Every structure is written in structure tokens, then in C-alpha cells.
Amino acid sequence: MGEAIVITSGKGGVGKTTSSANIGTALTLQGKRVCLVDTDIGLRNLDVIMGLENRIIYDLVDVATGRCKIHQALVKDKRFDDKLYLLPAAQTSDKNAINPDQMRTIIEGLKKEFDYVIIDCPAGIEQGFQNAVAGADQAIVITTPEVSAVRDADRIIGLLEKEPMTPPRLVINRIRSNMVKDGDMLDVDEITNILAIELIGIVADDEEVIKASNHGEPIVMNPNNKASLAYRNIARRILGDSVPLQHLEEENSGIFSKIKKFFGVRS
Amino acid sequence: MVNSHNVTIKGTKDGLLLRLDDTCSFSTLLKDIKETFKTHAHMYDEKHVVHIHLHTGNRYLTEEQVSQIQDVIDPKRNLTIDSVDSNVILKEEAERIIKEKSITLIHNVVRSGQVINTSGDLLLIGDVNPGGMVMASGNVFILGRLKGIAHAGCLGDMSAVICASQMTPTQLRIGDLYRRSPDRDVVPTEAECAFIDDEDDLIIDKLTVLKKVRPNLNCFAEGGILHG
């Protein structure tokens, strides 16, 4: 029996879908069987980022309403043998096309066949969020070092704590070491102080991530990138490995600490 | 002093004190009150309003019953029942009082969009994040950082106070006085309290000041027994 992890954030544009794709792929690289589920009905993106758009035949709504069997809707990612699948969202309906009960049934079914089911949650706290959270055993909250994103993450954590699942864990995405250094960006400690949940990853802001997404291949497939390394480490932490989290150092003058701080991002 | 079987009347400087027997039936009591006031009707002139204070001993009177007694004494309300004193109160009332006097302990982070509303005092162990809100009909004590909204005395108690380990709220509300947070350049390092002063201003000050402005804040006294 696998585990279902919902990737959520509240605010849009912080990198839920990119993180879902990368964490899912990273888990696959660790040898796990993974199914990605896109619940952003009407605004599906995960298939694009995974480069699987042109192979979609059926979607989540078709499965929920019984128009097809779940196996017919799953899109196999040929780059990873038989290990990575995508259950795409529908593009023509909206979030109300399915309900949490249907979602729960689908996720339960997938958990029997996969080690991990990664659920990409839409932005917002409405029906789409309720659907995405319904079948999940764990949650990962993505935030960026912006006050608005942290505020929304806080709201989402409050909602997740009411759900019957393990306490949510945090990924801070798109941190820019130079801005943090100058005090222009919230640092990791400030964010974890406010949100008060376990931090399982810090991902640096990197243009390569966008480039990779545009090519339909998640950044984790590139072994020489710092964002890729961050996602791989997150995957290892999900698997229970203890990979040290290198926080950004406290403000210090001196070139050595600045260098240390720069590398500290690569965690 | 005038005496009947179940009713004792006593004159005081505020008016009349009626002691009512608490063992007889209510209908007997009504009858006796009627008798008493009929007998002594000549004692009261109609120009002055006489205030009556009822003491009912171990009997609980409903509002309905009080107005029945009023009608029996004097329907024209020259003699008016001013107050009713009793040794007993309703269970609901007692529970309400206990609730109001008690401290609710919550150990949680109050996150954006969450509202905690308690009657009585609130002791929160944890932060109130921006967008979160805590409300209490009594005082609010926060062992943590107050970054959201705190509302003490939310049913109108203007003497309520708000204390926090770190007072950096979005808004402070005491009673019906709402204030946005002060513009402070530095984050306060020590615990502070907020209260309403004599000029109806909301003041944030050091905790030590609280002893002076709210000397009656102690509710745990004598080995932790609630009183007052």
C-alpha cells in the first residue's frame, strides 16, 4: 500500500506543479513507482511540464464519472520504464466536476499499485483544494520567500491540520541567496518561525528550472543542477533518509561566511 | 416592623426589604404577600415611589413569578420591586459564571483565517500569525508572538487586558475600541500588555505597569482557588 502526498500552497504561482513533477520524478529516480495526479481541473499543467500532453486520451473526470477505467487514463512516462505515470486533469470541465468522495476512491485505487501518489493541488481553498486533499495521507506545503505566499501557506496549513493526515511539511521554493544576504528577502528562519512546521527542503531560484519545464522534462533529470539536487534531497527525506538541511547562515560580514551562505542554499 | 406568617417586611433607608419564606408554596406566598400589603395599605402614600427589595432565601423566582408578586403588591407600580436577592441561582447561570471566570488554555498556533473565540480569559500557548484572530470575553494572555488580531473583552468589558510575549499585532481590540498596531521600528524584546487608560486610549506598556492599572487581575488566589 503506497502513500498519497498532496502538494499544495494556497497561493498560485509558487511552484506547486513544478514541485509535483520534480518530487515525483525524483522519487522515481530513487526506484519507487510513482503516479502523479493533476487535480487542477480546467487549468491542467502537470502534463505539459512532464512533456506528456500529446498522449492524453482520458482524464481524471472520465475516471471519476466512470467513462473509463483508471488504467485507460494513466499516461505512462516512457523515460522511466514502468515506474512513472500521470493521471491528467480534464481541461474542459471545472473543479466541481468531481467531489472528494470520488477523489478518495481514485486515490485509494492508485495507492494499491504505486509506492507514491503525488497529488498536484490547484491554487485556492475551494472545491479543488478539498478534492485534492481528500485522499491524501501527507501534505507538502510549497511557499516562496514572499510575505503573501507565506500568509497563504499559513492559511493552508491551518486547513490541513484539520484533515486526518500527518502534519504538513514545508518546502521553500525560489529562494535567492543574494537577496536574502542583503536582507531584501525573507530568510528561511523567518519563514519557519511563522509557519512552525517541519522543513523538508529549500529550492534555489534557478532559470534552468523554467527552461527544463518548457522542454517538458523536470529539472531533476539534470544531475548537475542545484535545484535538481534540492528536489532529489526532498525525495530522499520523503523516503525517510536523514539528509542534512543546510539553512542559510545568520548575517555575517566576511567573505568566507558569504561563500558558506551561498552554498548553504544547496540543500 | 410588620410580620406575617411567610412574609417579613422591614423598612430601610432605601425602601422596603421583603424577606420571603422559602419553604411554603408559591401560591401561599402570593396570598400572604397580598394579605400583608392589604392590611398595611394605609402606610404608603401614592405620591412617592417606594422601592422594594426582595430576599427570597433558598427559593428561585422566575421573572414571571417576580412580576406576579409585583402585581399582587401594587399593580400601579407605586411600590416597585427593585431588586431580587436569593441564595440560589440557576445551574445555567452558575455554569456561565464559571465559564466567565475560568481561563481557557489553548496550545496551538492560530494561523491565518483561524478565529479562536472563548468566554472568560484566554491563555494561548503559541503564536497568533498574521490574519489569525483570538477573541475572549475576558482577558487575553499570549505566550508567544501576537502578529494577528487580539480582541479582549469582546462582549464589552473595557477593563480587559491583552498580554503577549511579543506584541506586534495587526490590530488590538478591547471592548469596542479598535486600534491598529503602533508603528514601531524595532520588534519589542520583552513581554508587554495592552489596556485602556482613563482617557479611553489604548495603551501598550511593560508588564509591570499592569499591576498598577489593573490591581484586581488576580483570579487565582489562596492556593489556586477561584474566587470573586
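Residues numbered from 1 in each chain as written. Chains lettered and ligands numbered in written order. Predicted model: local features only at pLDDT ≥ 70, side-chain atom pairs only at ≥ 80, totals over all residues. Heavy atoms only, no water.

Per an unreviewed UniProt entry, chain B is named Probable septum site-determining protein MinC, and its organism is Pallidibacillus pasinlerensis. For the record of chain B, the UniProt heading Subunit (unreviewed entry) holds the text "Interacts with MinD and FtsZ." (UniProt positions renumbered as here; feature names shortened; annotations may be inferred.)

Chain A has the name Septum site-determining protein MinD in an unreviewed UniProt entry, where Pallidibacillus pasinlerensis is given as its organism. The UniProt entry for chain A carries the following text under Function (unreviewed entry): "ATPase required for the correct placement of the division site. Cell division inhibitors MinC and MinD act in concert to form an inhibitor capable of blocking formation of the polar Z ring septums. Rapidly oscillates between the poles of the cell to destabilize FtsZ filaments that have formed before they mature into polar Z rings." Check the Sequence similarities (unreviewed entry) section of the UniProt entry for chain A; it says "Belongs to the ParA family. MinD subfamily."

Engineer: Could you give an account of the nonpolar core, naming the residues involved and the relevant values?
Structural biologist: Residues and elements named next belong to chain A. Ranked by size, the top nonpolar core spans 53 residues in total, and within it Val37, Leu87, Leu110, Ile119 and Leu195 carry the most contacts. Looking at which element gives the most residues to this core, the answer is helix 7 (residues 147-160), with six residues. Ignoring any residue separated from it by four or fewer positions in sequence, one finds Val37 in contact with Leu46, Leu60, Leu87, Met103, Ile107, Leu110, Val117, Ile118, Ile119 and Asp120. (Core = buried A, V, L, I, M, F, W, Y, C linked by side-chain atoms within 4.5 Å. Buried < 20%, exposed > 50% of the residue type's maximum accessible area, 1.4 Å probe, protein only. Helix = DSSP H or I, 4+ residues; strand = E, 2+ residues; numbered from the N terminus. Contact = heavy atoms within 4.5 Å.)

Engineer: Pulling in residues and values, what's your account of the pairing of strand 8 (residues 198-204) of chain A?
Structural biologist: Residues and elements named next belong to chain A. Summarising burial for strand 8: six of the seven residues are buried, a large majority. Where strand 7 (residues 169-175) and strand 8 come together, five bridges link them in parallel fashion. Within the sheet, the bridge partner assigned to Arg169 lies in strand 8 and is Glu198. (Pairing = 2+ DSSP bridges.)

Engineer: Run through the UniProt feature "domain: Septum formation inhibitor MinC C-terminal" (unreviewed entry) in chain B, naming residues and quoting values.
Structural biologist: In the numbering used here, UniProt assigns the feature "domain: Septum formation inhibitor MinC C-terminal" (unreviewed entry) to residues 106-204 of chain B. Secondary structure content for residues 106-204 of chain B is 0% helix and 48% strand, and the end C-alpha separation is 24 Å.

Engineer: Explain unusual backbone geometry to me, using residue names and the numbers behind them.
Structural biologist: In terms of backbone geometry, most residues other than glycine have negative phi values and most peptide bonds are trans. All names here are of chain A. The residue Arg174 is not glycine, and still its phi comes out positive at about 60°. Looking at the element boundaries, Arg174 is found in strand 7. A relative accessible area of 34% places Arg174 in the partly exposed class.

Engineer: Just give me the short version of the interface of chain B and chain A, but keep the residues and values in it.
Structural biologist: Frequently, the measure chosen for interface size is the accessible area that the parts lose on association. Opposite the 10 residues of chain B that make contact, chain A presents 11 residues. Both faces considered, chain B and chain A share a buried interface measuring about 900 Å² in area, 38% of it formed by carbon and sulfur atoms. It is Arg111, Ser112 and Pro130 of chain B that lose the most area in chain B upon contact with chain A, and together they represent 53% of the buried surface on that side. Run the count over chain B and chain A and you get two salt bridges. Its salt-bridge partner being Arg111 of chain B, residue Glu161 of chain A comes within 3.3 Å of it at the nearest N-O pair. When the residues that make up the side of chain B that touches chain A are grouped by side-chain class, the tally is two nonpolar, four polar and four charged. (Buried area = accessible area lost by both parts, 1.4 Å probe. Salt bridge = Lys/Arg side-chain N within 4 Å of Asp/Glu carboxyl O. Nonpolar A, V, L, I, M, F, W, Y, C, P; charged D, E, K, R; others polar.)

Engineer: Can you tell me about the packing of helix 7 of chain A against helix 9 (residues 188-195) of chain A, naming the residues and giving the values?
Structural biologist: Residue and element names in this part refer to chain A. In the contact formed by helix 7 and helix 9, the axes pass within 10 Å of each other and the chain directions differ by 30°. Between helix 7 and helix 9, the angle falls in the class roughly parallel. Note on packing geometry: the crossing formed by helix 7 with helix 9 is right-handed. Between helix 7, through Val150, Ala153, Asp154 and Ile157, and helix 9, the contact on the second element is made entirely by Ile191, Ile194 and Leu195. The class makeup of the residues in the contact of helix 7 with helix 9 is six nonpolar, no polar and one charged. (Axes fitted to C-alpha atoms, helices over the stretch in contact; angles between N-to-C directions. Parallel < 35°, antiparallel > 145°, perpendicular 65-115°, else oblique. Left-handed = near helix turned anticlockwise from the far one by under 90°.)

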